[in-house]
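# Secondary and tertiary structure notes
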Protein chains: 4
Amino acid sequence: MGEHLRDHPVTPRTDAEKQAVVNRLKRVEGQVRGIQKMVEEDRYCVDILVQISAINAALKKVGFSIAERHTKHCVSDAVQSGEGEEAIEELMEVMKQFSK
Amino acid sequence: MGEHLRDHPVTPRTDAEKQAVVNRLKRVEGQVRGIQKMVEEDRYCVDILVQISAINAALKKVGFSIAERHTKHCVSDAVQSGEGEEAIEELMEVMKQFSK
Amino acid sequence: MGEHLRDHPVTPRTDAEKQAVVNRLKRVEGQVRGIQKMVEEDRYCVDILVQISAINAALKKVGFSIAERHTKHCVSDAVQSGEGEEAIEELMEVMKQFSK
Amino acid sequence: MGEHLRDHPVTPRTDAEKQAVVNRLKRVEGQVRGIQKMVEEDRYCVDILVQISAINAALKKVGFSIAERHTKHCVSDAVQSGEGEEAIEELMEVMKQFSK
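About the cut-offs
Residues numbered from 1 in each chain as written. Chains lettered and ligands numbered in written order. Predicted model: local features only at pLDDT ≥ 70, side-chain atom pairs only at ≥ 80, totals over all residues. Heavy atoms only, no water. Helix = DSSP H or I, 4+ residues; strand = E, 2+ residues; numbered from the N terminus. Expected span 1.5 Å × (residues − 1). Buried < 20%, exposed > 50% of the residue type's maximum accessible area, 1.4 Å probe, protein only. Contact = heavy atoms within 4.5 Å. Buried area = accessible area lost by both parts, 1.4 Å probe. Salt bridge = Lys/Arg side-chain N within 4 Å of Asp/Glu carboxyl O. Polar contact = N/O pair within 3.5 Å; in protein donor to acceptor, adjacent residues only side chain to side chain. Nonpolar A, V, L, I, M, F, W, Y, C, P; charged D, E, K, R; others polar. Axes fitted to C-alpha atoms, helices over the stretch in contact; angles between N-to-C directions. Left-handed = near helix turned anticlockwise from the far one by under 90°. Least-squares fit on C-alpha atoms with pLDDT ≥ 70 in both. Bend = angle between axes of the 7 residues up to and from the residue. Core = buried A, V, L, I, M, F, W, Y, C linked by side-chain atoms within 4.5 Å. Phe/Tyr/Trp six-rings, centres within 6.5 Å; stacked < 30°, edge-to-face > 60°. Parallel < 35°, antiparallel > 145°, perpendicular 65-115°, else oblique. pLDDT = per-residue confidence, 0-100.

## Describing helix H3 (residues 84-98) of chain A
Here H3(A) is 15 residues long and its end C-alpha atoms lie 21 Å apart, about the 21 Å a rise of 1.5 Å per residue gives. Among the residues making up H3(A), those that are buried are A:Gly84, A:Ala87, A:Ile88, A:Glu90, A:Leu91, A:Met92, A:Val94, A:Met95 and A:Phe98. For H3(A), the secondary structure elements touched by its buried residues are helix H2 (45-80) of chain A, helix H2 (45-80) of chain B together with helix H2 (45-80) and helix H3 (84-98) of chain D.

Dropping the structure here:
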């Protein structure tokens, strides 16, 4: 993890926040299992592709909500203690990967 | 399913083909569970975002291999029986969703 | 050009087809010039980013219409003469780049 | 412009900064004109698509550099004066459009 600024967010996630993200990821997990079943049942390729697109969209949504919280807490905190530069470059780097 | 051309690919997937796709999806499923654990352990946001990007990339790869097989079998078949137009429009529609 | 299957589409574009694509590209060109002006006038970053997103969306639309025509003509032609495999792999390769 | 936080960046771009962005956009403009020529000469579709992908990649790069500057100046400034929330939500909204 050495390439990142830290191991934990500066403001710990509340239990409610964690639960909300985990619930969305559990739904994604269910969708991935759903596609496995579609492949096993030899379902039509285009239907499978539509499902994969839906999962990608769901994951992007989760990712953006994590990025927003990260910016509101970790990055803002870094900015306020005069260490914004590095935190912002790290954020942009990960957004670039994300937007591929 | 009514909006698609059919319910199954014209050339059924072999067991080996199915297994290869299912294996990749099982890995994706494991990655999604991994992120849930990261969230529960309140791990650093950027590390989580990197993992989500990795899953999206893995899913896109699976999707493209399905799209390629689809074009080589279903679409090519449609083209040879003079019904390529509709199959190609359907393919492009799903590729558009996919490239978001 | 050596890495591609050919230098021209199998079915030449009609003048009307060319004109339609060129017109859309001229609009894109105008949008790009518009952003240059916004930068010179030191306009708000987010407004510039919204414009860049709009150009990317417009270019993707042009790209997909070219890809659709390509599949309906060049790829379909290759499929009918038993050389679909290579044409389809080339198509998927370029769609991958496109979806980044 | 009413939907955005302001009309200009808080820290005006220097002439050198403006020139660097404008130069990159002029190159993009040249690339767009290049594609028009390719269409007029009825060049191979895949070659055109490769060029469009290249332009999209170039525009994304410009966009990310603008977003980074925006975050380092406008957003950081808002954070420091206790108005980070709104600036960050605006940033995330535009990054979402951008990552499509």
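Here the narrative resumes, following the displayed structure.
## Here's the deal with the interface of chain D and chain C
Between chain D and chain C, the contact holds 49 residues from the first and 49 residues from the second. For the chain D and chain C pair, buried surface summed over both sides reaches about 4800 Å², with 66% attributable to carbon and sulfur atoms. Contact with chain C buries area across many residues of chain D, yet D:Asp42, D:Tyr44 and D:Leu49 alone supply 15% of it, more than any other trio. Between the two partners, chain D and chain C, sit 4 salt bridges. One salt bridge in this structure joins D:Asp42 and C:Arg13, with 3.0 Å as the shortest N-O distance. Run the count over chain D and chain C and you get 20 residue pairs in polar contact (both at pLDDT 80 or more). Counting residues per element, the side of chain D that touches chain C draws most heavily on H2(D), at 18 residues. Of the residues in the side of chain D that touches chain C, the class split is 26 nonpolar, 8 polar and 15 charged.

## Comments concerning the packing of helix H3 (residues 84-98) of chain B against helix H2 (residues 45-80) of chain C
Packing of H3(B) against H2(C) brings their axes to within 10 Å, and their N-to-C directions diverge by 145 degrees. Where H3(B) crosses over H2(C), the handedness of that crossing is right-handed. For the pair formed by H3(B) and H2(C), the contact residues are B:Glu85, B:Ile88, B:Glu89, B:Met92, B:Met95 and B:Lys96 on the first element and C:Phe64, C:Ala67, C:Glu68, C:Thr71, C:Lys72 and C:Ser76 on the second. Residues of the contact of H3(B) with H2(C), tallied by class, amount to 5 nonpolar, 2 polar and 5 charged.

## With respect to the relation of the copies chain D and chain C
Its rotation angle being 180 degrees, the transformation that places chain D on chain C also includes 0.0 Å of axial translation and leaves an RMSD of 0.0 Å. Here the symmetry operator amounts to a two-fold rotation axis. A share of 100% of interface residues in chain D that are also interface residues in chain C marks the association as one of identical surfaces.

## Overview of the environment of D:His73
All names here are of chain D. Secondary-structure assignment places His73 in helix H2. Under the relative-accessibility criterion, His73 is labelled partly exposed at 26%. Sequence-wise, His73 and Gly63 are 10 residues apart; in three dimensions their C-alpha atoms are separated by 15 Å. Sequence-distant contacts of His73, that is, excluding residues within four places in its chain, are made with Val10 and Thr11.

## Topic: the interface of chain A and chain B
Opposite the 49 residues of chain A that make contact, chain B presents 49 residues. Here chain A packs against chain B, burying approximately 4800 Å² in sum over the two surfaces, 65% of which is carbon and sulfur. When the buried surface of chain A facing chain B is broken down by residue, A:Asp42, A:Tyr44 and A:Leu49 rank first, second and third, together holding 15% of it. Where chain A touches chain B, the interface holds 4 salt bridges. B:Glu29 serves as the salt-bridge partner of A:Arg33, at 2.9 Å between the closest nitrogen and oxygen. If you look at where chain A meets chain B, you find 20 residue pairs in polar contact (both at pLDDT 80 or more). Residue contributions to the side of chain A that touches chain B peak at 18 residues, all from H2(A).

## As for the pattern of salt bridges
Taken as a whole, this structure holds 40 salt bridges over all chains when the rule is applied. Because the salt bridges share partners, they merge into one network encompassing A:Glu29, A:Arg33, B:Glu29 and B:Arg33.

## Topic: H2(C)
Residues and elements named next belong to chain C. A rise of 1.5 Å per residue sets the reference length of H2, with its 36 residues, at 52 Å; its end C-alpha atoms lie 51 Å apart and thus fit the reference within 8%. Of all the bends in H2, the largest measures some 40 degrees and sits at Thr71. Taken from the residues just after H2, Gly82 is the one with a positive phi, measuring 75 degrees.

## Remarks on the nonpolar core
With 124 residues, the main nonpolar core has B:Met95 and C:Met95 as its most contacted residues. Once you skip the residues sitting within four places of it in the chain, C:Met95 turns out to touch B:Phe64, B:Met92, B:Met95, C:Phe64 and C:Ala67.

## Side note on the packing of aromatic side chains
Between two aromatic rings, the relevant description is the distance of the centres plus the angle of the planes. Residues and elements named next belong to chain C. What the rule picks out here adds up to 4 aromatic pairs over all chains. Look at Phe64 and Phe98: their rings are 5.5 Å apart centre to centre, the planes differ by 85 degrees, and that puts the pair in the edge-to-face class. Of this pair, Phe64 sits in helix H2 while Phe98 sits in helix H3 (residues 84-98), and the two are 34 residues apart along the sequence. Grouping residues by exposure puts Phe64 and Phe98 together as buried.

## Some details on the packing of helix H1 (residues 15-40) of chain C against H2(C)
Residue and element names in this part refer to chain C. Where H1 meets H2, the axes come as close as 10 Å, and the angle between the chain directions of the two elements is 165 degrees. Considered as vectors, H1 and H2 are oriented roughly antiparallel to each other. Viewed along their axes, H1 and H2 form a crossing whose handedness is left-handed. For the contact of H1 with H2, the class distribution of residues is 15 nonpolar, 3 polar and 5 charged.

## Examining the confidence of the model for chain A
Detail in the predicted coordinates should be disregarded across regions flagged by low pLDDT. The predicted model of chain A averages 92 in pLDDT, with 95% of residues at 70 or higher. Element-level pLDDT for chain A is lowest in H3(A), with a mean of 95, against a maximum mean of 97 in helix H1 (residues 15-40) of chain A.

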